[in-house]
Amino acid sequence: MIERRPFDRLGGADHSWLKAKHHFSFAGYHEPARMGWGALRVWNDDTIAPHTGFPPHPHSDMEIITYVREGAISHQDSLGNKGRTVAGDVQVMSAGSGITHAEYNMEDETTRIFQIWIIPDAHGQAPAWGTRPFPKGERAGRFVVLASGIAGDGDALPLRTDARVLGATLKAGETAEYAMATGRYGYLVPASGAVELNGVKLEARDGAAIRDEPVLRVTALEDAELVLVDVAA
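Sequence order as written defines the numbering, with residues in each chain counted from 1. Since the coordinates come from a predicted model, pLDDT governs what is reported: local features require at least 70, and pairs of side-chain atoms require 80 or more to be given and counted, while whole-chain, interface and lining totals use all residues. Excluded from the side-chain calculation are hydrogens and water; included are all heavy atoms of the structure.

The protein chain is annotated in an unreviewed UniProt entry as Pirin family protein from Rhodanobacter hydrolyticus. Check the Sequence similarities (unreviewed entry) section of the UniProt entry for the protein chain; it says "Belongs to the pirin family." UniProt positions are given in the numbering used here, feature names are shortened, and annotations may be inferred rather than shown by experiment.

Below you can see the structure in the form of structure tokens.
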């Protein structure tokens with residue numbers, strides 16, 4: 001089962017400095033049928049104006065993954081962590097028992113990110129943060145695990161949940177496959193470019209909610225960049 005969720009039908013908000021689209025219920029957008037997908041709770045598509053951002057605010061008991069599509073995001077938090085994550089790279093914040101953080105676009109250009117929240121397997125753990133570069137050339141033509149809480153994904157940023165976040169870049173005409181274990185939930189979004197997923201066409205920034213598909217076969221109809229989340233029920 002693949003349910004296409006067109007970008008232009010997503011919920012959203014325009015705060016002038018922040019233009020957001022919500023794949024699932026979030027903040028002022030409430031859709032009872034879209035409260036999450038398995039353990040995946042939030043997928044926001046955010047466009048952040050230069051020299052603006054999110055002031056300090058708290059989180060707890062959530063795995064928060066930021067995938068930078070364009071520009072860069074600068075992070076600082078109550079643990080003393082500071083970092084700058086650039087396009088194509090990923091940061092993970094395990095909010096755990098509680099953390100306060102700020103995220104700013106300190107650049108002279110617009111920054112575009114996907115922010116993904118996944119429910120952790122356990123509550124009240126010590127908070128943590130990390131970032132890592134993933135050069136796009138290393139995932140050309142295939143899916144690469146960017147963040148994971150699954151044993152054996154040692155090179156990925158750690159998650160405290162039974163989930164994977166993967167990225168891929170495909171040239172027009174290329175195909176990549178990913179095997180889904182029984183009972184898992186998948187959610188795929190092309191950050192750019194149109195693709196065909198098991199016969200379903202997706203335009204850039206559309207979402208695809210996936211269940212009961214043993215193999216995902218993605219063919220790029222044009223040059224494309226993909227983000228895929230594989231989570232437990």
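On we go from here.
1. Let's talk about the overall build of the protein chain
Scanning the protein chain for helices and strands turns up zero helices and 22 strands. For the radius of gyration, the atoms used are the C-alpha atoms, and the globule rule reads 2.2 Å times the number of residues raised to 0.38. The C-alpha atoms of the protein chain give a radius of gyration of 17 Å, which matches the 17 Å a tight globule of 233 residues would have. Overall, the C-alpha framework of the protein chain stretches about 45 × 40 × 40 Å when taken along its three principal axes. Only protein chains enter the calculation, and the probe is 1.4 Å; a residue is then buried if its accessible area is under 20% of its type maximum, exposed if over 50%, and partly exposed in between. Looking at the protein chain residue by residue over its 233 residues, the buried ones come to 53%. Contact between two residues is taken to exist if any of their heavy atoms lie within 4.5 Å; hydrogens are not considered. In the protein chain, the share of contacts with a sequence separation of at least 24, taken over all contacts with a separation of at least 6, comes to 71%. On the protein chain, roughly 9800 Å² of surface is accessible, and the fraction owed to carbon and sulfur atoms is 50%. Where helices and strands are cited, they refer to DSSP runs of H or I of at least four residues and of E of at least two residues respectively, numbered from the N terminus. Using the Shrake-Rupley algorithm and a 1.4 Å probe, accessible areas are obtained, with residue cover drawn only from the displayed protein chains.

2. Some words on the environment of Ile48
Turning to its location among the elements, Ile48 is positioned in strand β4 (residues 40-48). Residue class for Ile48 comes out buried when judged on its relative accessible area of 0%. Through-space distance from the C-alpha of Ile48 to that of Leu18 is 4.8 Å; in sequence the pair is 30 residues apart. Ignoring sequence-local partners within four residues, the contact set of Ile48 consists of Trp17, Leu18, Gly53, Phe54, Ile73, Asn105, Thr110, Thr111 and Ile113.

3. Remarks on the environment of Pro158
Residue placement: Pro158 occurs in strand β14 (residues 157-158). Beyond its immediate stretch of four places on either side in the chain, Pro158 contacts Val92 and Ser148.

4. Re the pairing of β4
Each regular strand carries side chains that alternate between the two faces of the sheet. Where burial is concerned, most of β4 is hidden: eight out of the nine residues are buried. Taken together, the eight bridges between β4 and strand β11 (residues 111-118) define a ladder with antiparallel strand orientation. Bridge pairing links Asp45 to Phe114 in β11. By this definition, two strands are paired if DSSP reports at least two bridges between them.

5. Considerations on the UniProt feature "domain: Pirin N-terminal" (unreviewed entry) in the protein chain
The UniProt record annotates "domain: Pirin N-terminal" (unreviewed entry) at residues 12-118. Within residues 12-118, the helical portion is 0% and the strand portion 60%, while the C-alpha atoms at the span's ends are 19 Å from each other.

6. Topic: the UniProt feature "domain: Quercetin 2,3-dioxygenase C-terminal cupin" (unreviewed entry) in the protein chain
The UniProt feature table records "domain: Quercetin 2,3-dioxygenase C-terminal cupin" (unreviewed entry) at residues 151-231. Secondary structure content for residues 151-231 is 0% helix and 59% strand, while the C-alpha to C-alpha distance between its ends is 14 Å.

7. Observations regarding the packing of aromatic side chains
Any pair of Phe, Tyr and Trp rings, taking the six-membered ring for Trp, is counted once the centres come within 6.5 Å. Such a pair is stacked with planes under 30 degrees apart, edge-to-face with planes over 60 apart, and tilted for the rest. Per the counting criterion, the structure on display carries eight aromatic pairs. Arranged with centres 5.2 Å apart and planes meeting at 75 degrees, the rings of Trp17 and Phe54 form a pair that is edge-to-face. Here Phe54 lies in strand β5 (residues 52-59) and Trp17 lies in the loop between β2 (11-14) and β3 (18-22), a separation of 37 residues in the sequence. Aromatic pair Trp43 and Tyr187: ring centres 5.4 Å apart, planes at 50 degrees, arrangement tilted. In this pair, Trp43 sits in strand β4 while Tyr187 sits in strand β17 (residues 185-192), placing the two residues 144 residues apart along the sequence. Among the residues examined, Tyr187 registers a relative accessible area of 0% and is labelled buried. The structure contains a cluster of three or more aromatic residues connected by ring pairs, namely Phe24, Trp43, Tyr67, Phe114 and Tyr187. As a reminder, the over-ring test applies to NZ of lysine and CZ of arginine, requiring each to be within 6 Å of the ring centre and within 35 degrees of the ring normal. For the cation-ring pair, Arg5 lies above Trp37, with the distance from its terminal atom to the ring centre recorded as 5.7 Å. Directly above the aromatic system of Phe7 lies the positively charged group of Lys21, at a separation of 5.5 Å from the ring centroid.

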